[in-house]
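# Fold and contact review
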Amino acid sequence: MSYVIGIDLGTSAVKALLVDRDGRVRGEASESYPLISEKPGYNEQEPERWVEGTVSALRTLVRDSGVEPAAVEGVSFSGQMHGLVLLDAERNVLRNAILWNDTRTTEQCREIESALGGRLLDIAKNRALEGFTLPKLLWVKRHEPETFAKADVFLLPKDYVRYRLTGRIASEYSDAAGTLLLDVAARRWSADIAAAFGLPESLLPPLVAPHADVGTLLPDVADATGLPSTVRVFAGGADNACGAIGAGILSEGETLCSIGTSGVVLSYVGRGDVDYGGRLHFFNHGEADAYYAMGVTLAAGYSLQWFKDAFAPHVPFEALLRGLDETPPGAGGLLFTPYIVGERTPHPDATIRGSFVGMDASHRLAHFTRAVVEGITFSLKESLDILRGAGHDIRSLVSIGGGAKNEHWLQMQADIFGADIHKLESEQGPAMGAAMLAAYGCGWFGSLAECAAVFIKRSRTFRPREEQRAAYDRLFRAYQSVYGHTRELNEALAAFRKPQAQA
Ligand SMILES: Nc1ncnc2c1ncn2[C@@H]1O[C@H](COP(=O)(O)OP(=O)(O)O)[C@@H](O)[C@H]1O
Ligand SMILES: O=C(CO)[C@@H](O)[C@H](O)COP(=O)(O)O
């Protein structure tokens with residue numbers, strides 16, 4: 001038997017997954033690392049910790065799985081998107097990486113909009129959002145000019161780890177799409193956008209396809225992990241592209257709901273010339289010539305995690321969510337908006353914060369829990385509705401991530417979305433998509449879809465229930481009005497915010 005390894009470089013941890021030719025998971029290892037949040041809205045990580053964590057997870061995986069290391073044929077990557085890693089000419093890291101959930105760059109977003117106007121959407125297919133990479137580059141240029149002057153090349157998080165494992169600098173389309181520097185439809189860096197901000201083209205790493213073979217492991221990495229130095233390394237993809245691959249979202253009509261730290265609803269798109277007017281993210285998929293359109297809730301699982309940590313730290317998730325069964329839709333008249341670190345879709349707003357609306361003396365923990373879970377799901381329905389409004393006929397979704405672990409929540413997704421929700425048999429998230437890119441790269445399958453047919457199985461389907469669906473439709477209208485009523489209030493409150501740990 002031969003094997004591949006998928007590595008998912010997440011925000012809180014790196015996970016390495018060993019998968020055999022039949023798609024069976026033969027081992028798993030992970031290592032966590034801290035988030036550095038020195039000021040409100042600032043979120044950074046030390047790239048060296050990603051490398052140490054990845055090498056250590058690979059070592060544990062190889063040691064504990066008991067498989068013959070020489071039987072591992074390929075490795076590939078999935079990674080948290082948008083993060084900025086700056087390297088000097090000697091390939092030293094110049095500063096901590098600035099992450100996707102860092103919102104310090106509102107001013108740079110306005111600068112990008114005024115410099116490029118409609119050309120930004122024409123070329124990069126996305127509007128300027130704080131989380132994306134170009135605003136981060138401009139922030140460093142403006143606030144840390146000495147650091148910027150030393151920058152020779154920039155990399156995205158998983159591309160940096162892959163560079164350290166192989167010695168080869170490269171980026172790939174699916175992650176490059178989240179920088180605002182890619183001509184998304186043409187799959188090449190946009191010389192126009194780079195020039196508009198005085199960025200030398202040499203700062204942009206060479207681009208390859210997600211399944212491209214980018215070399216083999218460096219001898220010292222092979223020694224440290226126990227893998228042979230002949231193991232083939234494939235470029236990999238953005239975590240959402242890999243999450244979609246790992247859930248089999250590989251043809252027109254397929255839609256994914258992922259509730260991790262952030263939450264996304266994304267649909268496969270077969271063409272690059274589709275115009276969503278910037279209301280959704282539009283990125284290159286992990287498959288050649290394919291794309292996806294996606295809405296993002298910044299704090300999806302993170303809202304529930306925050307609520308649990310703050311108000312029920314000793315209650316396990318399963319026990320906390322049992323309350324979903326005990327209270328009817330609407331949580332006794334309580335609504336929650338999950339804007340606790342700002343929002344992206346449909347309200348690109350770094351200043352907005354969350355609300356509980358309708359608190360009543362009768363409300364208890366179970367009502368608040370239900371309101372939080374409903375609010376997260378309503379937020380994702382806003383993305384779903386934009387996709388439907390743009391012509392996507394969405395009657396079913398595959399649900400993944402921590403939020404898919406709870407069956408009451410999966411049923412709620414069916415009721416709120418008005419669509420069938422499919423649960424996967426062995427849900428491994430983006431690490432499985434990365435393993436599939438390696439399997440495809442190794443030539444085990446003729447396409448990612450052929451690989452998905454072997455690797456991915458659906459286990460259960462949750463169908464919408466009419467009575468609940470009607471109640472949620474009424475609640476959703478109330479939910480949608482909360483943003484407009486709380487926007488100015490939050491602008492006034494922003495000055496009182498303290499630094500907080502995020503995501
Ligand atoms: N048993 C559970 N039931 C429902 N939600 C859960 C459960 N366990 C974790 N979660 C939610 O899933 C989130 C983590 O999901 P995960 O996919 O692991 O995220 P990430 O990959 O972004 O770290 C947590 O923030 C939490 O809200
Ligand atoms: O910013 C985005 C997508 O645009 C995020 O999806 C990040 O790519 C990481 O999210 P988690 O997987 O950690 O929730």
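What counts, and where the lines are drawn
Residues numbered from 1 in each chain as written. Chains lettered and ligands numbered in written order. Predicted model: local features only at pLDDT ≥ 70, side-chain atom pairs only at ≥ 80, totals over all residues. Heavy atoms only, no water. UniProt positions renumbered as here; feature names shortened; annotations may be inferred. Helix = DSSP H or I, 4+ residues; strand = E, 2+ residues; numbered from the N terminus. Rg over C-alpha atoms; globule rule 2.2 N^0.38 Å. Buried < 20%, exposed > 50% of the residue type's maximum accessible area, 1.4 Å probe, protein only. Contact = heavy atoms within 4.5 Å. Areas by Shrake-Rupley, 256 points an atom, 1.4 Å probe, with all protein chains shown as cover. Lys, Arg positive; Asp, Glu negative; His and termini not counted. Charge placed at Lys NZ, Arg CZ, Asp CG, Glu CD. Salt bridge = Lys/Arg side-chain N within 4 Å of Asp/Glu carboxyl O. Domains from an automatic or database assignment. Buried area = accessible area lost by both parts, 1.4 Å probe. Nonpolar A, V, L, I, M, F, W, Y, C, P; charged D, E, K, R; others polar. Pairing = 2+ DSSP bridges. Axes fitted to C-alpha atoms, helices over the stretch in contact; angles between N-to-C directions. Parallel < 35°, antiparallel > 145°, perpendicular 65-115°, else oblique. Left-handed = near helix turned anticlockwise from the far one by under 90°.

The protein chain has the name Xylulose kinase in an unreviewed UniProt entry, where Paenibacillus flagellatus is given as its organism. The UniProt entry for the protein chain carries the following comment under Function (unreviewed entry): "Catalyzes the phosphorylation of D-xylulose to D-xylulose 5-phosphate." Per UniProt, the protein chain has the following entry under Catalytic activity (unreviewed entry): "D-xylulose + ATP = D-xylulose 5-phosphate + ADP + H(+)".

Here we take up the overall build of the protein chain. A count of helices and strands for the protein chain gives 17 helices and 24 strands. For a compact globule of 503 residues, the expected C-alpha radius of gyration is about 23 Å, and the protein chain comes in at 22 Å, within 12% of that figure. Structurally, the protein chain occupies a C-alpha span of about 65 × 50 × 45 Å along its principal axes. Expressed as a percentage of its 503 residues, the buried residues of the protein chain come to 60%. Counting only contacts in the protein chain whose residues sit at least 6 apart along the sequence, the fraction spanning at least 24 positions is 72%. For the protein chain, the computed accessible surface area is about 18,700 Å², with 48% contributed by carbon and sulfur atoms. Counting 50 positive and 62 negative side-chain charges, the protein chain places the centres of these two groups 3 Å from one another.

Time to look at the pattern of salt bridges. Scanning the entire structure with this criterion turns up 30 salt bridges. The salt bridge involving E52 is made with R49; its shortest N-O contact spans 3.7 Å. Linking E52 with R49, this pair stays in helix α1 (residues 47-65), spanning three residues, or about one helical turn. A relative accessible area of 44% places E52 in the partly exposed class.

Further remarks concern the domain arrangement of the protein chain. With domains assigned, the protein chain is organised as domain 1 (3-240) and domain 2 (248-422 + 463-493). Between the C-alpha centres of domain 1 and domain 2 the distance comes to 27 Å. Each side of the interface is counted separately: domain 1 has 25 residues, and domain 2 has 25 residues. Taken together, the two surfaces of domain 1 and domain 2 that pack against each other cover about 2,000 Å², and 59% of this comes from carbon and sulfur. On the domain 1 side of the interface with domain 2, the three residues burying the most area are W100, K125 and N240, jointly 28% of the side's total. A salt bridge links R187 to D289, with the nearest nitrogen and oxygen atoms 2.8 Å apart. At the level of secondary structure, the elements contributing two or more residues to the side of domain 1 that touches domain 2 comprise α3 (119-124) and α7 (173-176). Looking at the side of domain 1 that touches domain 2 residue by residue, the classes come out as 13 nonpolar, eight polar and four charged.

Taken in spatial order, the seven strands of this open sheet run β18-β19-β17-β16-β22-β23-β24, and their pairing is mixed. Of all strands in the sheet, those bounded by a partner on one side alone are β18 (281-284) and β24 (458-462). The average undirected angle you get between the axes of adjacent strands in this sheet is 30°. Direction of pairing for β18 relative to strand β19 (residues 291-297): antiparallel, over a ladder of four bridges. Across the sheet, the residue bridging to F283 is Y292, located in β19.

Before going further, it helps to examine the packing of helix α14 (residues 407-417) against helix α17 (residues 466-493). Between α14 and α17, the shortest axis-to-axis distance is 8 Å and the interhelical angle comes to 65°. Relative to α17, the element α14 lies roughly perpendicular. Between α14 and α17 lies a crossing of right-handed hand. Only Q468, R469 and Y472 of α17 make contact with α14, whose side of the interface consists of M412, D415 and I416. Split by residue class, the contact of α14 with α17 holds three nonpolar, one polar and two charged.

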